[in-house]
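The lines below spell out each chain.
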Amino acid sequence: MKRIEELVRSFQEQELLLPIWFEDEKLHFIDQKKLPFESYIHSTTDVNDLALAIKNMTIRGSGAIGTCGAWGIYLAALQSKGDLAYVLKAGRLLKQTRPTAVNLMKTVDEMLSVATGSGEELIERIEQKTVEILERQLAFEHELGRNGAEMIEDGDAILTHCHSGALAGSGYGGRALSVIRKAHEQGKSIHVYTCETRPYLQGARITAYELKKFGIPHTLITDNMSGYLMSRGKVQKVVVGSDRVAGNGDLANKVGTYMHALAAKANGVPFYTATSSHTIDHDVEAGREIEVEFRDPSEVTSFQNRPIAPEGTNALYPSFDITPNELIAGIITEKGVMTAPYTSTLQNLRATVASRV
Ligand code: RI2
């Protein structure tokens, strides 16, 4: 049986940017709110700390919080010395942290499907499942990247929104950046426009940080510049991540995605989402049924704790929006690129895949 420590060591030997890892009997994770100005690493043995870190976006990105479903249950099993009731309670806590990204809920359920027995026996079952999920997720990023890179042509400028990269996933490139990183590794000459992504600035802070690290040429723009660039023929593809895809192909992703998709359609630019078959939620028929998380409006009226509007200004912060399927040229998955009509292509995909993070 492969142990967690062995797996983490093998990950550390690869060229990965790990968001979360386990070492010296503690879970460690990078503080994504402080990047790129500070590389702060939190360490804990308490699943409650992990749940709080997901809720306050210290750890974020649907792939990374998906793997937290595995890490959190593993931590709870260790912390409680194999107390099943505690592990089940931890599962409920983790699932309540963020409502839109579906991978976290699905991964917690997958972990709990092996949670039987108690003590060492329970811990061992959970450790095995954790290893399985983490290995699978890293392999997924390479498969997804290879499929998506086929959509990218030499000379393309690619627009992306938010941060759908290594630290939002398992360390290679997450979703959108796995596609971009793979195309770059294949020797294609590409340029990336990364939208800053108000109000959290994931694009400016984290996507630009990763693109720089991977040596991929890029330009930072504010979110409202994408229409201008597309209308001037400066963008050949749009590739974004995905928090949840409905059964009909409608996409929930970081707020602002929808307006990029509209501009892409109006200018004949193909718009893709890079996702996992696990992120397709067949329990949800269409995007309007997806719960959109609303965050604290103070995150809009201030920037890094400094006010940017008069005191008392009303603000609103829907964290995600829904892009209707007719604006999507393709849904890139680890099993290939799905195209319209999505209701049937996604159903066929469902029939052929095992679940993934
Ligand atoms: P992957 C983010 O949300 C954005 O919606 C972004 O597109 C996505 O997660 C990246 O996750 P948040 O967690 O699609 O920053 O790459 O609110 O998994």
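Residues numbered from 1 in each chain as written. Predicted model: local features only at pLDDT ≥ 70, side-chain atom pairs only at ≥ 80, totals over all residues. Heavy atoms only, no water.

> Quick question: what am I supposed to make of the nonpolar core here?
The nonpolar side chains of a soluble globular protein tend to be buried, and buried together. Phe22, Leu50, Ile59, Trp71, Leu94, Ile126 and Ile180 are the most contacted members of the largest nonpolar core, which totals 69 residues. Listed in part, the 26 residues of the second largest apolar core include Tyr193, Cys195, Ile221 and Leu327. (Core = buried A, V, L, I, M, F, W, Y, C linked by side-chain atoms within 4.5 Å. Buried < 20%, exposed > 50% of the residue type's maximum accessible area, 1.4 Å probe, protein only.)

> Help me out: how do you make sense of unusual backbone geometry in this one?
Negative phi characterises most residues that are not glycine, and trans characterises most peptide bonds. A cis amide bond links Leu35 to the next residue, Pro36, at an omega of 0 degrees. You can see Pro36 is positioned in the loop between β2 (26-30) and β3 (41-44). Between Arg198 and the following residue, Pro199, the backbone shows a cis peptide bond with an omega angle of 0 degrees. Relative to the assigned elements, Pro199 resides in the loop between β5 (191-195) and α8 (202-214). Here Glu25, not a glycine, exhibits a phi torsion of approximately 60 degrees, which is positive. Take Glu25: it is sitting in the loop between β1 (20-23) and β2. With a relative accessible area of 62%, Glu25 lands in the exposed category. Positive phi is not limited to glycine here, since Cys162 has a value of about 65 degrees. Tracing the backbone shows Cys162 in the loop between β4 (157-160) and α7 (176-185). (Helix = DSSP H or I, 4+ residues; strand = E, 2+ residues; numbered from the N terminus.)

> Explanation requested: the site of the ligand in the structure shown.
With respect to spatial proximity, 18 residues lie near the ligand, and among them Arg60, Ser62, Ser164, Asp243 and Asn253 are the closest. Within the side chain of Ser164, an N or O atom sits 2.5 Å from an oxygen atom of the ligand. One of the side-chain nitrogen or oxygen atoms of Gln202 is found 2.9 Å away from an oxygen atom of the ligand. For the ligand, the accessible surface in isolation is 430 Å², of which the surrounding protein chains cover 100%. For the shell around the ligand, the secondary structure elements donating two or more residues are α3 (62-79) and β9 (251-254). (Near = heavy atom within 4 Å. Polar contact = N/O pair within 3.5 Å; in protein donor to acceptor, adjacent residues only side chain to side chain. Areas by Shrake-Rupley, 256 points an atom, 1.4 Å probe, with all protein chains shown as cover.)

> How should I be thinking about the side chain of Thr107 in this particular structure?
Position of Thr107 relative to the elements: it lies in helix α5 (residues 102-112). Within the structure, Thr107 has its side chain in polar contact with the backbone oxygen of Gly66 (distance 3.5 Å).

> Is there a simple way to think about α3 in this case?
Residues three or four positions apart in an α-helix share a direction because the helix packs 3.6 residues into each turn. Counted at 1.5 Å a residue, the expected span for α3 with its 18 residues is 26 Å, and the 25 Å between its end C-alpha atoms agrees. Counting buried positions over the 18 residues of α3 gives 16, a clear majority of the element. Just beyond α3, the residue with positive phi is Lys81, at close to 55 degrees. (Expected span 1.5 Å × (residues − 1).)

> Can you walk me through the pattern of salt bridges in this structure?
Side chains carrying opposite charge are able to pair once their charged atoms draw close together. Following the criterion strictly, the structure yields 16 salt bridges and no others. With a shortest N-O distance of 2.7 Å, Glu293 and Arg295 are connected by a salt bridge. Here Glu293 falls in the buried class, since its relative accessible area comes to 7%. Residue classification places Arg295 among the buried residues on the basis of a relative accessible area of 11%. (Salt bridge = Lys/Arg side-chain N within 4 Å of Asp/Glu carboxyl O.)

> Would you take a moment to explain the sheet that holds strand β15 (residues 330-333) for this structure?
By way of backbone hydrogen bonds, the strands of a sheet pair with one another, either parallel or antiparallel. Overall, mixed pairing links the seven strands, which are arranged β6-β5-β4-β7-β10-β15-β16 in an open sheet. At either margin of the open sheet sits one strand with a lone partner, and together these are β6 (218-221) and β16 (336-338). Averaged over all neighbouring strand pairs, the angle between strand axes comes to 25 degrees, with direction disregarded. Looking at chain direction, strand β10 (residues 271-274) and β15 are connected through three bridges and run parallel. Each residue of the ladder has a partner; that of Thr273, found in β15, is Ile331. Against the sheet, helix α6 (residues 119-149) touches β10, β15 and β16, its axis set at about 145 degrees to β15. Its contacts with the sheet put helix α10 (residues 257-266) on β4, β5, β7 (237-240) and β10, and the angle it makes with β10 is roughly 145 degrees. (Pairing = 2+ DSSP bridges. Axes fitted to C-alpha atoms, helices over the stretch in contact; angles between N-to-C directions. Contact = heavy atoms within 4.5 Å.)

> Help me understand the environment of Cys195 in this model?
Structurally, the position occupied by Cys195 is in strand β5. On the accessibility criterion, Cys195 (0% relative accessible area) is buried. Once the C-alpha coordinates of Cys195 and Leu122 are considered, the two residues, 73 residues apart in sequence, prove to be 44 Å apart. If sequence neighbours within four positions are ignored, Cys195 has contacts with Leu159, Thr160, His161, Cys162, Gly203, Ala204, Leu220, Ile221, Asp223 and His260.

> Explanation requested: the pairing of β5 in the structure shown.
Here is the key point about a regular strand: its side chains alternate between the two faces of the sheet. A large share of β5 lies buried, amounting to four of its five residues. Summarising the sheet, β4 and β5 pair through four bridges and their orientation is parallel. Across the sheet, the residue bridging to Leu159 is Tyr193, located in β5. Taken together, β4, α7 and β5 form a β-α-β motif whose crossover is right-handed. (Right-handed = clockwise from strand over helix to strand, strands pointing away.)

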